[in-house]
Amino acid sequence: MSRRGLAAVASVLDQAASSATNILVLVLAARLSSASGFADFSMVYVTFSVLLGLNMAYVGQSLVLEKGERLGAECRSAVGFTAAASAAVGAVLLLGGLVLPGATGTAFAALGLVLPLVLLQDGLRYCFSALRAPERALAADALRLVCVVAALALQPEGASAGRLVLAWGLSALPALGAGLWLLRPYVRGARTDLRPYLRRGHLGQRFVVEFAVGNGSSQLAVLGLGVFATPLAVGALRGATTLFGPLNVLFNSANAFGPPVLGRLGGKRATVRATAALGLVLAAVGAGWATALYLLPDRLGRELLGDTWAGASALLPATGAQYAVMGLGTCALLTLRVLAPKATLSLQVVFSLLSVGLLLGGYAVWGVAGAAWGLAAGSALKALAAWWRVSRLPAAGARLDSEPVPASAA
């Protein structure tokens, strides 16, 4: 296998290790906690997930678009900014946790203490992506997975949310140390410069808006559906989406590790050819996964989702179609992210909100199946619009943006 093929495999495995860590943390916490304790832990973990996404958008997504001889300095600056920003936010969470009463406040205070560790450890993945060394990210994230499972497995049954948060956060120390050691050869002698991250016009500011719109619209869709639909309908839609979790791993890998690889291909034609081929592959994988789930015997389906399987299985054709076109849309947006990064914001805003409208409208007309097909239609329209936008890029492969892509652009 070529070096490029090995890098692609390492990228997918790294994303799988990161996703498995998040899933196992919740599973182990649920098994160890009381119902109220897990509710507190879940609130903390949702808060962490939002902060993780914001850091990924502001620092990670702009970093993976960097290239050239200053990559070492850019990575060192990204690590420095993440450390400083997470320490500041962690201090706010710590103070807020001390004000909040009871176990909930203790859990948030614990998150404030460990936030710099967990955000910095995860942020190293994007440094290794920019440096085209995903195998180093895989080594650190695999160690993280082993350590967090061991740390939580050692906790007593009925452990408080605060104790579980501390165990989860402190278990990131070995992986953080290993990641910094693996990064050191690339950043030795480089100077840390945090000023680009504080300037108006930093590219990450646009990506944060995209994340906020995308994440916010999905939450709005769930809340809106919950107002009109029964809990069983919402559970069925969530259950059907959960079954496609492995495809999310592939999509996230493409977004996290694709830009540095595509950036080496040159102009528009080579980049579009590669992303179109990848989009067709992801669409085929999505359709194949949906077919396999649809043919799954009910007995095995109930092992996966319990009583939710009956409702979720009826939505598999719609959800499968949604994920198939999401593969095409992901690669179209990835193309724009590489060739014209400022072109993605308007697409994300318009079509994320459109998907919410189609979901609610579909439910009003055809029930929960209509909601699922509404999401599929929204994803299809976003993919169509994104590829149309790609087709209008300059043929020479020059970026639409007049200024260069690097995160340091003012």
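Before reading further, recall that the structure is shown in the block above.
Just so you know, these numbers come straight off a predicted model, no measurement behind them.

**Q** Could you give an account of the pattern of salt bridges, with specific residues and numbers?
**A** For the coordinates displayed, the defined rule picks out five salt bridges. Salt-bridge contacts for Arg 125 lead to Asp 141; the nearest nitrogen and oxygen are separated by 3.3 Å. Highlighted residues: Arg 125 in helix α4 (residues 102-130) and Asp 141 in helix α5 (residues 134-153), separated in sequence by 16 residues. Looking at Arg 125, the relative accessible area reads 5%, which means it is buried. Among the charged side chains, a salt-bridge network with shared partners connects Asp 14, Asp 122, Arg 125 and Asp 141.

**Q** So what about the side chain of Thr 335? Which residues, and what values?
**A** Relative to the helices and strands, Thr 335 resides in helix α15 (residues 316-339). The buried category is assigned to Thr 335, whose relative accessible area is 0%. In this structure, Thr 335 is in contact with Thr 271, Val 272, Thr 275, Ala 340, Trp 387 and Val 390, ignoring residues within four places of it in sequence.

**Q** Quick one: what's the story with the packing of α5 against helix α6 (residues 161-170), residue by residue and with numbers?
**A** Put simply, α5 and α6 touch, their axes get as near as 8 Å, and they point 150° apart. Looking at the two axes, α5 sits roughly antiparallel to α6. Where α5 crosses over α6, the two elements pack in a sense that is right-handed. Here Arg 144, Val 148, Ala 151 and Leu 152 of α5 lie close against α6, whose contacting residues are Leu 164, Ala 167 and Trp 168.

Procedures and definitions
Residues numbered from 1 in each chain as written. Predicted model: local features only at pLDDT ≥ 70, side-chain atom pairs only at ≥ 80, totals over all residues. Heavy atoms only, no water. Salt bridge = Lys/Arg side-chain N within 4 Å of Asp/Glu carboxyl O. Helix = DSSP H or I, 4+ residues; strand = E, 2+ residues; numbered from the N terminus. Buried < 20%, exposed > 50% of the residue type's maximum accessible area, 1.4 Å probe, protein only. Contact = heavy atoms within 4.5 Å. Axes fitted to C-alpha atoms, helices over the stretch in contact; angles between N-to-C directions. Parallel < 35°, antiparallel > 145°, perpendicular 65-115°, else oblique. Left-handed = near helix turned anticlockwise from the far one by under 90°.

Everything listed here is a matter of coordinates, which is why it stays silent on function.
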